[in-house]
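Take a look at the letters that make up each chain.
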Amino acid sequence: MGEAAPAADAEFPAWARSVADCEARLGVSASRGLSSADAAERLRTHGPNELAEHPGPTLLQLLLQQFEDTLVRILLAAAAVSFLLALSTSAGELTLSAFVEPLVIFLILVVNAAVGIWQETNAEKALEALREIQSDHAAVLRDGRWVPALPAKNLVPGDVVQLRVGDKVPADMRVLRLVTSTLRVEQGSLTGETASVNKTSRAVPLDDADIQAKECMVFAGTTVVNGSAVCLVVHTGMATEIGKIHAQIHEASQEDDDTPLKKKLNEFGEALTKIIGLICALVWLINVKYFLTFDLDDNWVPRNVRFSFGKCTYYFEIAVALAVAAIPEGLPAVITTCLALGTRKMAAKNALVRKLPSVETLGCTTVICSDKTGTLTTNKMSVAKLVAIGDSAEQVRDFKVDGTTYDPQDGKIHDWPAGSMDANLETIAKVAAVCNDATVAHSSHQYVATGMPTEAALKVLVEKMGLPGGKNGLSLDPSDALVCCNWWNNVAKRIATLEFDRTRKSMGVIVKTSSGSNALLVKGAVETLLERSSHIQLKDGSVVPIDEKSRKSILASLEEMSTKALRCLGFAYKEDLSDFATYDGENHPAHKLLLDPANYAGIETDLVFAGLVGLRDPPREEVFDAIEDCRAAGIRVMVITGDNKETAEAICREIGVFSPGEDISLKSLTGKQFMALEDKKSLLRRKGGLLFSRAEPRHKQEIVRLLKEDGEVVAMTGDGVNDAPALKLADIGVAMGITGTEVAKEASDMVLADDNFSTIVAAVGEGRSIYNNMKAFIRYMISSNIGEVASIFLTSALGIPEGLIPVQLLWVNLVTDGPPATALGFNPPDKDIMKKPPRRSDDSLITPWILFRYLIIGLYVGVATVGIFVIWYTHGSFMGIDLTGDGHSLVSYSQLSNWGQCPTWENFTVAPFTAGTRTFTFDSPCEYFSEGKVKATTLSLSVLVAIEMFNSLNALSEDASLLSMPPWVNPWLLVAMSVSFGLHFLILYVPFLAQVFGIVPLSLNEWLLVLLVAFPVVLIDEVLKFVGRCMSPSSPKRASKKLKGE
């Protein structure tokens, strides 16, 4: 007894061994418990009875992880270079305006990192929630004495523990003996079972039994709801069932994959890095002649090498400006905003999104793995059919019962006898009402059941049956839901209960009737009650011996209901109680017979059979349509349930997962059958629906893992602690908001407030819409950036002064582009959004044709911004618009493109000019191309802003014309354009801001020129869209298909 418990305890099936075998294996006596010395030794061997704390990444590690994104690294590099340039060019005179650009970029990075760190720290809350359901203390037998409150973390294998009502089970334990007649444990959080289960000390003859079958085991984290028992600790800490789940959650959390969108953005970032590097190098190569000159002698040896550091720095600044122009700095913020708006839309549809990226991932879901109970069905049992006995023993009467909720007024009983109930129906009503521990109450505008769902359904049936004499028991007061049941309980008052157990499959109550005599009322499995019945009650209340014909008639009704996946319960009674004829409570001599459940079957013999009912958990009304929507959308539905195969198959046929006559022999498997398959992936690749019944958590995980390996995007539903690992592993873990445990909710990406499958389908549609809108604003922002790059590249290639400085480009990318990009997230969804297959995981954000289109658009943006810059310097008027009102001097294009040689020009002079209230004069005429370019720069920036506003209209649809999809289909976009123009006016006409951004106010004529130059971008894209529609195989239909819902 002094030896430590064997380390291989995990392989010891304690549930399949006798109590004596368990004591011997664990080296302990149930009468004395472990010695203190032995317990201390085992504690050193096995460690404390706690779930492991997996240390998460440090704050520094989390911070560094935020900079693994390619776009972020490019931004960081641009900010660092910009900061160094600001330092070098400030010449000892540090001004805020010089540092605006690097400070803004750093601010973006800080906010981005903060959001990332916040999301990471929330990721492991499922493990914390799991620890919270552990017990703190336990009553333990040590050294022959009971220690009433030993810290649960000090428990070791071999400890003898006493459990009482309300206790949380502190470890996985083998029941040694029951102290009370029964022991019931609530283990639904671990197994998904809706009802508490009875426990026994008898061994289970199966070495590989599932958790539900281990009736002599109690598990850590579950709760004792009735009775008391002495148990033997078998597993502690991470070796318990809940410990295994903890390890699986941690393992699944390590396998978190990037969302499809993040993968695309990373690919885009990497491509952008190469493009930026290439263009920057090209800009330098084009402009090397301006800062590095030399002569070649006859032998091609460079002589008289001249290097200008100032001009080198200037062109380096242009390269930095180009990098800033190429990076869509506002993209992370707009994506976050769009996803946040998506979560609000989904919340309105009862889908509560816990992790923002999940909104987008939902849009490319290809497989939904759904639980059955409560998700596809209502999780509210209801009676569908009542079978009573007729005028003879062989005759039965069928009554169809409507209603799917616990509302007694929901539905009626068809063909119900007018007037008073006959004696047989009265007996059925009495047994259903009195041999019943459930209650139904009205709460928050709905009827809620407490207790076993099947028993609650029986009480609702009794209310629909009414009272003897034909009285309607339905009350107008919703708070008084069980009028008929209460009446029957007054007629037959319960004085003893023979609790249900799985062996005899029945429950009985001894009642004192209004006549003063005792009777036994029993309900249970129909076959079991028939075996124990010697008589049958007829319609008029008379009792006749049960014979083979009557037995076959009842079994035929039973079989008919079973084939329709109805759960059947029989009703019986007994009036001759012998030992219990005078029973009146605990002091009666017969009471000792009630203390041992083994006697119950003997008491429940020679019964009079009265009738039976068929119950079911009905499918939700909207599920059939939701399954059809999934089929149309190319999403496969797999049902994974712990329920039995026949019931699950019937429900799947009813809701449309399988068609009525479909051969499902290869599509419906139990969890064990699936795990035994050699080629599991071939099964999972089958078209259409699949059903996995009697599934355990490990089966769910394996299914999710294999589907993900095959490239599927998997949404998985679950509610129990046991579902948490699979929820964590799936691309989208969907927890139930009503029946779900906190552990499941914390492990999930989305919570269904109404536990409804159709909500998932609606969320998928919303996710697709959001992804389409995100593509719209990503295309919009990228096309804007291409235009900025083209502008800077043309400036550099033509050799004219720099038209746009980095801080202006940053303002456009972050602020001016932000509102329209965000408003594109409000685009109404395509009408046929759930009629298309899911997008492929390798579906590109930007197709070659779209890229070509935006290169054309970008080229025009470059020509327009550089063109208006050149026009201001070289033209007094353009297309009839007078530009000489400010008094500026005109130069030739040759002078403008060779402005660096200005100091060598003879007789070159410029006049002062005005802009708003300011007058610009120059000490040196060459300053006209540096300080004097402020008006031309303002025109370039204003054209850029105006073009990007018009371009946002182009982004409303990928290929539909603005004639068929006018701007007002998304009024938010028009508001956003107004906001962006307003912000632009703000920096133009507020002197302090104008100085920071290096711009000046514009006159009316200059604004007319800006709009004239900017508007053609709409016409160009309309032509390109028309070409795209003509090139498309479905050109006549394509435009109409892409029209948005108005």
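The rules behind the values
Numbers given for residues are sequential positions, taken from 1 along each chain in its written order. Whole-chain, interface and lining totals are the exception, using all residues; otherwise, since this is a predicted model, local features are given only for residues with pLDDT of at least 70 and side-chain atom pairs are given and counted only at 80 or more. Based on all heavy atoms of the structure, the side-chain values leave hydrogens and waters out of the count. The rule for a salt bridge is simple: a side-chain nitrogen of Lys or Arg has to be within 4 Å of a carboxyl oxygen of Asp or Glu. Helix and strand definitions here come from DSSP, where helices need a minimum of 4 consecutive H or I residues and strands a minimum of 2 consecutive E residues; each element is numbered from the N-terminal end. Three labels apply to residues, based on accessible area from a 1.4 Å probe with only protein chains included: buried if under 20% of the type maximum, exposed if over 50%, partly exposed otherwise in between. Note on pairing: DSSP must find at least two bridges between two strands before they are called paired. Nine residue types can take part in a nonpolar core, namely buried Ala, Val, Leu, Ile, Met, Phe, Trp, Tyr and Cys, and a core is a set of them joined through side-chain atoms within 4.5 Å. Throughout, a residue-residue contact means that at least one pair of heavy atoms, one from each residue, lies within 4.5 Å. UniProt positions are given in the numbering used here, feature names are shortened, and annotations may be inferred rather than shown by experiment. Any Phe, Tyr or Trp ring, taking Trp's six-membered ring, that has another such ring centre within 6.5 Å forms a pair; planes under 30 degrees apart are called stacked, those over 60 apart edge-to-face, and the others tilted. Cation placement over rings: the criterion is NZ of Lys or CZ of Arg within 6 Å of the ring centroid and within 35° of the ring normal. Fitting a line to C-alpha atoms yields each axis, with helices limited to the stretch in contact; the angle taken between N-to-C directions then spans 0 to 180 degrees. Only a pair of cysteine sulfur atoms within 2.5 Å counts as a disulfide in this structure description. Patch membership requires over 30% relative accessible area and the absence of a salt bridge. Like charges are linked within 9 Å, and nonpolar side chains (Val, Leu, Ile, Met, Phe, Trp, Tyr) within 5 Å. Every accessible area reported is derived by Shrake-Rupley at a probe size of 1.4 Å, with residue values counting cover from the shown protein chains alone. Roughly parallel refers to an angle under 35 degrees, roughly antiparallel to one over 145, roughly perpendicular to one between 65 and 115, and oblique to any angle outside these ranges. Left-handed describes a crossing whose near helix is turned anticlockwise from the far helix through less than a right angle; right-handed describes the clockwise counterpart. Gly falls in the polar group here, along with every residue not listed as nonpolar (Ala, Val, Leu, Ile, Met, Phe, Trp, Tyr, Cys, Pro) or charged (Asp, Glu, Lys, Arg). By the counting rule applied here, Lys and Arg register as positive and Asp and Glu as negative, while His and the ends of each chain are not counted. Charge coordinates come from a single atom per side chain, which is NZ of Lys, CZ of Arg, CG of Asp or CD of Glu. Here the expected length of a helix is defined as 1.5 Å per residue gap, with one fewer gap than residues. Arc, as used here, means the arc of the directions from the helix axis to the C-beta atoms.

Engineer: Account for the pattern of salt bridges, with residues named and values stated.
Structural biologist: Where side chains of opposite charge bring their charged atoms close, a pairing between them can arise. Counted under the stated rule, the structure contains 26 salt bridges. Glu560 is the salt-bridge partner of Lys385, the closest N and O atoms lying 3.3 Å from each other. Highlighted residues: Lys385 in strand E14 (residues 382–389) and Glu560 in helix H17 (residues 548–563), separated in sequence by 175 residues. Judged by relative accessible area, Lys385 falls into the buried class, the value being 13%. Judged by relative accessible area, which is 35%, Glu560 ranks as partly exposed. The closest approach of N and O atoms between Lys564 and Glu560, which form a salt bridge, is 3.7 Å.

Engineer: Please give an account of the sheet that holds strand E2 (residues 145–151) that cites residues and values.
Structural biologist: Spatial strand order, E2-E1-E3-E9-E4-E7: six strands in an open sheet with antiparallel pairing. Strands at the two margins of the open sheet, each flanked by one partner only, are E2 and strand E7 (217–218). By the bridge criterion, three bridges tie strand E1 (residues 137–142) to strand E3 (residues 160–163) in an arrangement that is antiparallel. By the bridge assignment, Leu141 is partnered in E3 with Val160.

Engineer: Give a detailed account of the nonpolar core, specifying residues and quantitative values.
Structural biologist: In this structure, Phe757, Phe777 and Tyr873 are the most contacted members of the largest nonpolar core, which totals 144 residues. Ranked by the residues each element gives to this core, the list is headed by helix H27 (residues 757–798), at 15 residues. Setting aside chain neighbours within four positions, we find Phe757 in contact with Ile368, Ser370, Thr375, Leu376, Val623, Ala626, Ile627, Cys630 and Val637. Leu26, Val156, Leu190 and Ala695 belong to the second-largest nonpolar core, a separate cluster that totals 57 residues.

Engineer: Before we move on, can you summarise the UniProt feature "transmembrane region" (unreviewed entry) in the chain with the specific residues and values?
Structural biologist: This chain's UniProt record puts "transmembrane region" (unreviewed entry) on residues 70–88, 94–118, 271–294, 314–341, 851–873, 972–992 and 1007–1028. The annotated region residues 851–873 carries 100% helix and 0% strand content, and the separation between its end C-alpha atoms amounts to 33 Å. Split by type, residues 1007–1028 is 95% helix and 0% strand. Its first and last C-alpha atoms lie 33 Å apart.

Engineer: Break down the packing of aromatic side chains for me, with residues and values.
Structural biologist: Enumeration according to the criterion identifies 24 aromatic pairs in this entry. Each ring, one from Phe399 and one from Trp416, has its centre 5.3 Å from the other, and the planes form 65 degrees; the classification is edge-to-face. Placement of the pair is Phe399 in strand E15 (residues 396–400) and Trp416 in the loop between E15 and helix H13 (423–434), with a sequence separation of 17 residues. Judged by its relative accessible area of 6%, Phe399 falls in the buried class. A centroid spacing of 6.2 Å and a plane angle of 35 degrees characterise the contact between Phe913 and Phe922, whose relative ring orientation is tilted. Take Phe913: its relative accessible area is 1%, and that puts it in the buried class. Taken together, the ring pairs connect Phe869, Trp872, Tyr873, Trp905, Phe908, Phe913, Phe920, Phe922, Tyr928 and Phe929 into an aromatic cluster. For the cation-ring pair, Lys214 lies above Trp15, with the distance from its terminal atom to the ring centre recorded as 3.8 Å. Taking the ring centre of Tyr854 as reference, the NZ or CZ of Arg853 above it sits at 5.6 Å.

Engineer: Go over the sheet that holds strand E12 (residues 351–353), please, and point to the residues and values.
Structural biologist: What the eight strands build is an open sheet, ordered E12-E30-E29-E28-E13-E25-E27-E26; its pairing is mixed. Edge positions in the open sheet fall to E12 and strand E26 (668–670), since each of these has one partner strand only. Within this sheet the neighbouring strands show an average axis-to-axis angle of 20 degrees, counted without direction. Sheet topology note: the strand E29 (residues 732–736)/strand E30 (residues 750–752) ladder contains three bridges and is parallel. Looking at E30, one finds that Met736 is bridged to Leu752. Along the sheet, helix H24 (residues 697–709) contacts strand E13 (367–370), strand E25 (636–640), strand E27 (690–693) and strand E28 (714–718); its crossing angle with E28, the most-contacted strand, is approximately 170 degrees.

Engineer: Break down unusual backbone geometry for me, with residues and values.
Structural biologist: At Asp415, a residue that is not glycine, the phi angle is positive and equals roughly 60 degrees. Looking at the element boundaries, Asp415 is found in the loop between E15 and H13. Positioned with a positive phi, Arg694 is a non-glycine residue whose angle comes to about 50 degrees. Among the secondary structure elements, Arg694 is positioned in the loop between E27 and H24. Overall, the relative accessible area of 47% leaves Arg694 in the partly exposed class.

Engineer: Describe in detail the side chain of Ser382, supporting the description with residues and values.
Structural biologist: With respect to the element layout, Ser382 can be found in strand E14. Ser382 sits in the buried class, given a relative accessible area of 6%. Leave out the neighbours within four places in its chain, and Ser382 touches Gly403, Thr404, Ala457, Gly614, Leu615, Arg616 and Pro618.

Engineer: Which residues make up the state of the cysteines, and what values go with them?
Structural biologist: Per the stated rule, a full pass over the model turns up one disulfide. The residue that forms a disulfide with Cys902 is Cys926, at a sulfur-sulfur distance of 2.0 Å. The sign of the -95 degrees torsion about the S-S bond sets the Cys902-Cys926 disulfide as left-handed. Residue Cys902 is found in the loop between helix H31 (893–897) and strand E33 (913–915), and its partner Cys926 is found in the loop between strand E34 (918–920) and helix H32 (934–954); the two are separated by 24 residues along the sequence.

Engineer: Break down the pairing of strand E21 (residues 533–537) for me, with residues and values.
Structural biologist: Here E21 runs beside strand E24 (residues 607–616); their pairing, made up of three bridges, is parallel. Its bridge partner being in E24, Ser533 is matched across the sheet by Leu607. Taken together, the three bridges between E21 and strand E22 (residues 543–545) define a ladder with antiparallel strand orientation. Residue pairing across strands places His535 opposite Pro545, the latter belonging to E22. What sits between E21 and E22 in their antiparallel hairpin is a turn of five residues, with Gly541 showing a positive phi close to 95 degrees.

Engineer: Break down a nonpolar patch on the surface for me, citing the residues and quoting the values.
Structural biologist: A cluster of nonpolar side chains, Leu76, Phe83, Leu84, Leu87 and Phe106, forms an exposed patch at the surface whose accessible area comes to about 410 Å². Among the elements that make up the nonpolar patch, the one with the highest residue count is helix H4 (residues 70–89) (four residues). For Leu76, the location among the structural elements is in helix H4.

Engineer: Please provide a residue-by-residue account of the pairing of E1, values included.
Structural biologist: Of all six residues in E1, five are buried; the element is thus mostly enclosed. In textbook terms, the turn of a hairpin is the stretch between consecutive antiparallel strands, and for E1 and E2 this stretch comprises two residues, one of which, Asp143, has a positive phi near 55 degrees.

Engineer: Tell me about the packing of helix H30 (residues 848–874) against H32, and name the residues and values.
Structural biologist: When two helices pack together, their arrangement is given by the angle between their axes and by how far apart the axes lie. Orientation of H30 relative to H32, taken along the N-to-C sense of each, is 150 degrees, at an axis distance of 8 Å. Of the possible angle classes, the one that applies to H30 and H32 is roughly antiparallel. As for the relative orientation of H30 and H32, their crossing is right-handed in sense. When H30 is examined against H32, the residues Tyr854, Ile857, Tyr860, Val861, Ala864, Thr865, Ile868, Phe869, Trp872 and Tyr873 are found in contact with a partner set consisting of Lys935, Ala936, Thr937, Leu939, Ser940, Val943, Leu944, Ile947 and Asn951. Class assignment for the residues of the contact of H30 with H32 results in 14 nonpolar, four polar and one charged.

Engineer: Just give me the short version of a negative patch on the surface, but keep the residues and values in it.
Structural biologist: A cluster of like negative charges, contributed by Glu621, Glu622, Asp625 and Asp629, occupies part of the molecular surface. Take Glu621: it is sitting in the loop between E24 and helix H20 (623–632).

Engineer: Tell me about helix H33 (residues 971–989), and please be specific about residues and values.
Structural biologist: For H33, which comprises 19 residues, the first-to-last C-alpha distance of 27 Å matches the rise-based estimate of 27 Å (1.5 Å per residue) to within 8%. What H33 keeps buried is the set Leu973, Ala976, Met977, Ser980, Phe981, His984, Ile987 and Leu988. With its buried residues spanning 135 degrees around the axis, H33 presents them on a single face. Close packing links the buried residues of H33 with helix H28 (806–816), helix H29 (818–823), H32, helix H34 (991–997) and helix H35 (1004–1014).

Engineer: Would you mind going over the packing of H27 against H30 in detail, with residue names and values included?
Structural biologist: Interaxial distance between H27 and H30 falls to 7 Å at its minimum, and their mutual angle equals 45 degrees. Judged on the interaxial angle alone, H30 and H27 are oblique. Where H27 crosses over H30, the two elements pack in a sense that is right-handed. Two secondary-structure elements touch here, H27 through Arg779, Ser783, Ile786, Gly787, Glu788, Ala790, Ser791, Leu794, Thr795 and Leu798 and H30 through Ile850, Tyr854, Leu855, Gly858, Leu859, Val861, Gly862, Val863, Thr865 and Val866. Taken together, the residues that form the contact of H27 with H30 break down as 11 nonpolar, seven polar and two charged.

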